[in-house]
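What the coordinates show
If you want the building blocks of each chain, they are given just below.
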Amino acid sequence: MTDDQPTHYERYLDAYAGYPLAYAAAPEDGEPGPDLSAVAWRIEASEWDDDAPDQISESFDWFLENADTAKVQAIVIGEWEECYDTDNAPVIARLAENAGRLPELRSLFLGAISPEQAEISWIQQSDITPLLEAYPKLERLEVRGGTGLALAPVRHEALRVLRFETGGLPAQVVRGVGGSDLPALEHLELWFGVDEYGGDATAADVAGILSGERLPALRHLGLQNCPFADELAAGLAAAPVVARLESLSLSMGSLGDEGAAALLSGQPLTHLRRFDLEHHYMSRAMMARLTEALPGVEVRLSEPRSRDEDWRYVQVSE
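All values derive from a computational prediction rather than experimental measurement. (Residues numbered from 1 in each chain as written. Predicted model: local features only at pLDDT ≥ 70, side-chain atom pairs only at ≥ 80, totals over all residues. Heavy atoms only, no water.)

**Let's talk about the environment of F164**
Positionally, F164 belongs in strand β7 (residues 161–165). With a relative accessible area of 0%, F164 lands in the buried category. For the pair F164 and Q224, spaced 60 residues apart in the sequence, the C-alpha separation amounts to 9.9 Å. With sequence-adjacent residues up to four places away left out, F164 is seen in contact with I128, V143, L149, L151, L169, V173, V177, E189, L190 and W191. (Helix = DSSP H or I, 4+ residues; strand = E, 2+ residues; numbered from the N terminus. Buried < 20%, exposed > 50% of the residue type's maximum accessible area, 1.4 Å probe, protein only. Contact = heavy atoms within 4.5 Å.)

**Here's the deal with the pattern of salt bridges**
Summed over the entire model, instances satisfying the criterion amount to 18 salt bridges. A salt bridge links R163 to E142; its shortest N-O distance comes to 2.5 Å. In this pair, R163 sits in strand β7 while E142 sits in strand β6 (residues 140–144), placing the two residues 21 residues apart along the sequence. Taken as a pair, R163 and E142 share a single burial class, namely buried. Measuring nitrogen to oxygen at the nearest pair gives 3.0 Å for the salt bridge that ties E165 to R144. Here the residue E165 occupies a position in strand β7, and R144 occupies one in strand β6, the gap between them amounting to 21 residues. We classify E165 as buried; its relative accessible area is 0%. Take R144: its relative accessible area is 0%, and that puts it in the buried class. The network of salt bridges with shared partners includes R140, E142, R144, R163, E165 and E189. (Salt bridge = Lys/Arg side-chain N within 4 Å of Asp/Glu carboxyl O.)

**Digging into the confidence of the model for the chain**
Overall, the prediction assigns the chain a mean pLDDT of 90, with 89% of residues at 70 or greater. Taken together, the stretch residues 1–6 has pLDDT below 50 and engages in 17 contacts with residues farther than four places along the chain or on a different chain. (pLDDT = per-residue confidence, 0-100.)

**Quick look at the packing of helix α1 (residues 56–66) against helix α2 (residues 89–97)**
Running from N to C, α1 and α2 point in directions that differ by 15°, and their axes come no closer than 11 Å. Taken as axis vectors, α1 and α2 run roughly parallel relative to one another. Seen from above, α1 lies across α2 with right-handed handedness. Contacts between α1 and α2 involve I56, S57, F60, D61 and L64 from the former and V91, R94 and L95 from the latter. Of the residues that constitute the contact of α1 with α2, the class distribution is five nonpolar, one polar and two charged. (Axes fitted to C-alpha atoms, helices over the stretch in contact; angles between N-to-C directions. Parallel < 35°, antiparallel > 145°, perpendicular 65-115°, else oblique. Left-handed = near helix turned anticlockwise from the far one by under 90°. Nonpolar A, V, L, I, M, F, W, Y, C, P; charged D, E, K, R; others polar.)

**What about the sheet that holds β6?**
Within a beta sheet, neighbouring strands are joined by backbone hydrogen bonds and run either parallel or antiparallel to one another. With mixed pairing, twelve strands are arranged side by side in an open sheet as β1-β2-β3-β4-β5-β6-β7-β8-β9-β10-β11-β12. Looking at which strands have only one partner, the edges of the open sheet turn out to be β1 (15–16) and β12 (298–300). In this structure, strand β3 (residues 40–43) lies alongside strand β4 (residues 74–77), joined through four bridges in parallel fashion. Of the residues in β4, the one forming a bridge with W41 is I75. (Pairing = 2+ DSSP bridges.)

Encoded structure:
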C-alpha cells in the first residue's frame, strides 16, 4: 500500500447505494423500528468492536430474524472473522442460500474492510459466481480484495455496475468478466494490482473486455492500478469497446509516454466526456499533447510520478 492509497472503503462507513447504513447487531433496546426498511444493511463481525458479533454468522442470524428482508435493496459485507486468514466462501453461501428471502436485493458490496482491519491484499475472497446466479435482479456488485477471488463466465441480464478493488486481480477473474454476457452493464472497473499479490493478468487477458462484444451498454471502463498500462493503452487504441464509452480511466497505474502516444495515434477519443489518468509516469510534454488533442474532454492529470526510477509502481498493491 502506498501513502496515497485511495480510501474508497470510507464511502461505505455511513451509506451505500444511496441508503444510510444500519448495522446488523442486536441493540440493547430491542428490535429495529419500521424506519429501518430503507437502509443498506452492513453485516460483519469484529474482534475490535465489543458491540459487534465475534462471528459474522451471528450478524447474519440477527439480520435474517429482525430485518424486513423482503424489502432489503442493499447489503454491505464488512469484516468476517480473520478475513486476512479465512476466505468468505461461507458468507457467499449464506447469501446465495437466502436469495429467496431477499427478492429486492439490488446492490451488494463484499469486503468493505479498512486497512486497519486488513490490508487490501490480505482480504481473502472466494468464488463470487454463485451470487450472480442466485440474484438475477442484482444491479450492482462491488468487491474489495483479490486473494482467492474467482469468477466463471456467466450471463446476467440486470447487472449495471461491476467493480473490483484489488492490489492483485487474478487473470481468471479478468477472463471471466470478458467471457460473461452482461447486456445491461454500464460501469466496469478493474484494479489489476501486482503479481506479488496475485495480480497475474496480462494485456491478453483483457481481450474479451476490449472487444465489447458482450458489453453492449458499457459507458464507463476503468482499467486501473495497472502495471502494464502502456501495453493496455496500445490495445485500447484500436479496441471496439472504446467508441461507445463516455468515460475511460487508466488511473492509478504505470502509464508513460509510450502508452499515451499509442492512444493518441489510435482511434479518436474526442467523444469521451472524461478521461482519468491520475497517477502516471508521463512527461509534461506528453501531458500537454494529451490535453491539446482532447480539447472537449475532461482530462484528469495528476502531477507525474518520478520518471527517473528504474521501476514504476501502481497506486494500490498491499
